[in-house]
Structure formats: structure tokens, C-alpha cells
Amino acid sequence: MDAEVYGCLLSAFMEAGKVQLFEPYFFEIMALRPHDAKSYSVVGRYHNSLEQTGEALANFTRAQELDPINPVYPTNLALTYLKMDRIDEAVNMLESVHQEFPTDWRIQQIFALAKSRQENYDEALHVINQTISNNPANDYNLYLRAYVYRKQERYSDAFKDINRSLEINPRSWSAFAERGVIYYLMEDYPKASVDFSKAIELAPFESCPYVDRAMVFVLQDQLEDAHTDALKGYEIDEESIHAIGMLSVTKFLYDKDNDGAKVLWQKLVEKDTRYTDLEWAVDKLGWQGSLVANAKSIIGLL
């Protein structure tokens, strides 16, 4: 099989939330890699799906070196930068690619996502509206616009788009997770928990839904469940700021492990010193309710 066939197999496994089934093929495609940009790209996508961002970055970089005119590879690099919270690097890379390929829908999607992560929501909405006008039935476009609307606190518009996205693709774990976040922000914790659970069912190897459900469990005083989910989210992605922050809280609350909580929060501070600022940290992590008080207590341990 060539790299394109392996790429289709990987996409199918990812869509089914069973990326681990690609592992046997991973070793086969490794043999194709020395001079094949597409093979490096498929391997990079595999690593990204497992939150192995360092390995993904190395493979996408090699793909771009082998085929510098293909826009897919810098786009994948930018997506990996976003996963690593290297947002400005992602935006800078996408701006030049978007100028060269202004109608490429995938580039438009990732560019809009990067702009929203940079908190340039009006620019993000402008780009994604262009994409939706060209492809109104694409479920990811609607998911992405719902994300931007949510960031703008336009929850009614966000619900319309995310529900439409799920009508088109009822197996989208990211759409269930996004709707869960909207419910969470509206303080409808039971519905949020249901959607996060569905996201986990569809994508058990993604960190975010576990961390999000842990957040809800803390607010519902289900501390053992919260700690279990926080541990799982952290095991999947030890560099995720959300996983680090949530495990710090559950260690503090459930384990009564002040030292462990302090060590984890210090890891956040090493990523960005602003995590010593309660207001900034809580806003960055998207926390509310009792989570805020616990963050204040942990910061007080530093």
C-alpha cells in the first residue's frame, strides 16, 4: 500500500474513535518514510491523534522539507502548534499559506481556529463564514463557528450551529465536547456531563473530554469521579494545560495532596508565569464556581 491508502485507513480509524487499531500499519508505513513526504505526514497525523505532539511536529517538519510547495504540511504543522499552545507560531505560518491558497477550505478552517485561539474572534468569524458559504453542509465548519460564537458568549447561535453539526455527523466527538462546554458555561452540569461522556465514548484516547467531565464532577462534588477523569486526561496528554490544572485541583481536593497539587501547578507556571495570577489562570482554564476557590488555594501554596 502507498501512503495515500494508509492515510485513508488512519482517517477511518480516527473517525471511528479507534485510532489504536492503526498501530500495526504504523510500523509498515515507517518503512516508506526515508524519501516520502506523504508517509511522514501520515505518521505525523497518527502521533497527533495520540497527543504525541513532539513526534508529530518532527514528522510534519520533515514532510515539509521533502515537499515545500504542498500546503498540507505547513497546515498540519500549524495545527500541531495549536495543540502545543504555540498560537502565534501557528497564526504566522497560516497567514502566509492562506495568502497563497485563499480558497482552500482546510486552510480556512485551521486559520479560523488559530485566529479564535488568538482571541481575534471577528477575524475568525469572517474566515469561517466564507468557508460555510462555499460548503454549508460541512459539519466541522459548523462546529468551528459554534466554537467562535461560544467564545463571543453568543450561546443561542452556538447551539444552533453545534446541533446542526451533530445532525450532519452524529459521531463527532469534538461536537459533543463543544456542546458540553456550552452547557457547562450555562451551568447545566447534568447535560454537560452527558455530552462529555458521549465524547469519551466516541474518542476514548482524547484528553479533553475527560478533563472537561472532571471539571463538571468537581462542581457536582463527585470528587472521586473527578480525580479518576483528571488522571486519565493527564495520562493521555501530560503537557495539556487543562489536564495539568485539573489534576492539580483533584489532588488538592480528593487526595488532600497539597505537595502534589503544588508541583503540578508549578508546571503550569513554568509554561507561563501568569498562572500565578488567579484571574488570568481561571480565565485561561475556563473555570467557574468552586474551581476558582480551589485554584486560589493552590496558588497560595506556591
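What counts, and where the lines are drawn
- Residues numbered from 1 in each chain as written.
- Predicted model: local features only at pLDDT ≥ 70, side-chain atom pairs only at ≥ 80, totals over all residues.
- Heavy atoms only, no water.
- Phe/Tyr/Trp six-rings, centres within 6.5 Å; stacked < 30°, edge-to-face > 60°.
- Helix = DSSP H or I, 4+ residues; strand = E, 2+ residues; numbered from the N terminus.
- Buried < 20%, exposed > 50% of the residue type's maximum accessible area, 1.4 Å probe, protein only.
- Salt bridge = Lys/Arg side-chain N within 4 Å of Asp/Glu carboxyl O.
- Expected span 1.5 Å × (residues − 1).
- Contact = heavy atoms within 4.5 Å.

Here's the deal with the packing of aromatic side chains
Okay, step 1: Per the counting criterion, the structure on display carries six aromatic pairs.
Okay, step 2: Between Trp-265 and Tyr-275 the ring centres are 6.5 Å apart and the planes differ by 85 degrees, which places this aromatic pair in the edge-to-face class. One end of the pair, Trp-265, is in helix H16 (residues 258-271); the other, Tyr-275, is in the loop between H16 and helix H17 (278-285), and ten residues separate them in sequence. For the pair shown, Trp-265 and Tyr-275 are each scored as buried.
Okay, step 3: With a centroid separation of 4.9 Å and 85 degrees between ring planes, the pair formed by Tyr-275 and Trp-280 is classed as edge-to-face.
Okay, step 4: On the basis of relative accessibility, which here comes to 1%, the residue Tyr-275 falls in the buried class.
Okay, step 5: Taken together, the aromatic side chains of Trp-265, Tyr-275, Trp-280 and Trp-287 make up a single cluster linked through ring pairs.

Considerations on the pattern of salt bridges
Okay, step 1: This model, assessed by the stated rule, comprises 17 salt bridges.
Okay, step 2: The residue Glu-89 makes a salt bridge to Arg-86 at a minimum N-O spacing of 2.8 Å.
Okay, step 3: In this structure Glu-89 comes out as partly exposed when scored by relative accessible area, which is 35%.
Okay, step 4: For Arg-145, the salt bridge identified is with Asp-161, shortest N-O distance 2.6 Å. With a gap of 16 residues between them, Arg-145 in helix H9 (residues 139-151) and Asp-161 in helix H10 (residues 155-168) connect regions that are remote in the sequence. Residues Arg-145 and Asp-161 agree in their burial class; the two are buried.
Okay, step 5: What you see here is one network of salt bridges that share partners, running through Glu-95, Lys-115 and Glu-123.

Quick look at H9
Turn by turn, an α-helix covers 3.6 residues, leaving residues three or four places apart pointing in a common direction.
Okay, step 1: The end-to-end C-alpha distance of H9 is 19 Å, a good match for the 18 Å that 13 residues give at a rise of 1.5 Å each.
Okay, step 2: Among the 13 residues of H9, eleven are classified as buried, and the element is accordingly described as predominantly covered.
Okay, step 3: Buried residues in H9 make contact with helix H7 (105-117), helix H8 (121-134), H10 and helix H11 (173-185).
Okay, step 4: Of the residues one or two after H9, Glu-153 is the one with positive phi, at around 65 degrees.

This is a description of form; function is not addressed.
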